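# Structural features, examined
This is what each chain is made of:
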Amino acid sequence: LQYHDRAVRSVAFHPGKYPLLAAASDDATVSILHAKVYSDLLQSPMIVPVKRLRDHAVHQGFGVLSCVWHPHQPWLFTVGADHRVYLWA
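Counting from 1, residues in each chain are numbered in the order their sequence is written. At least 70 in pLDDT is required for a residue's local features to be given in this predicted model, at least 80 for side-chain atom pairs to be given and counted, and no such filter applies to totals for whole chains, interfaces and linings, which use all residues. The side-chain numbers reported here are obtained from all heavy atoms of the structure, hydrogens and water having been left aside.

Attention shifts here to unusual backbone geometry. The backbone phi angle of Ala28 is positive, close to 70°, even though this residue is not glycine. Working definition: with a 1.4 Å probe on protein chains only, accessible area under 20% of the residue-type maximum means buried, over 50% means exposed, and in between means partly exposed. On the basis of relative accessibility, which here comes to 6%, the residue Ala28 falls in the buried class. Notably, His83 is not glycine yet its phi reads approximately 65°, a positive angle. In this fold, His83 is placed in the loop between strand 6 (76-80) and strand 7 (85-88). The helix count covers DSSP runs of H or I at least four residues long, the strand count covers runs of E at least two residues long, and both are numbered beginning at the N terminus.

Have a look at this one:
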């Protein structure tokens, strides 16, 4: 993704009713994007940046390793190479 400076390690769409996409990267940030994919394949998807989460730290060249959404709420769980787990609400 163009919103990160290093490799993207994990990408997750919200499984419920929220049109949210999270992308976790080795630059120790997570990008939250409003993402909408249309059923018409000729129409380009709409992807709009919403927020950049920056509390993780780079450890031995690795940043945020994984991210997963809560199944019903717009809450994001992230885990990083810095041995920390965050709940973003």
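Alright, that's what it looks like, and here's the rest.
Let us look at the sheet that holds strand 4 (residues 46-53). An order of 1-2-3-4 is seen for the 4 strands of this open sheet, with the pairing classed as antiparallel. Both edges of this open sheet fall to strand 1 (8-13) and strand 4, since each of them pairs with a single strand only. Sheet twist, expressed as the mean angle between neighbouring strand axes with direction ignored, is 20°. Here, a strand pair is defined by DSSP locating no fewer than two bridges between the strands. Bridge analysis of strand 3 (residues 30-36) against strand 4 gives 7 bridges, and the strand direction is antiparallel. Note that in strand 4 the partner of Lys36 across the bridge is Met46. To define axes, lines are fitted to C-alpha atoms, for helices over the stretch in contact only, and angles between the resulting N-to-C directions are given on a 0 to 180 degree scale.

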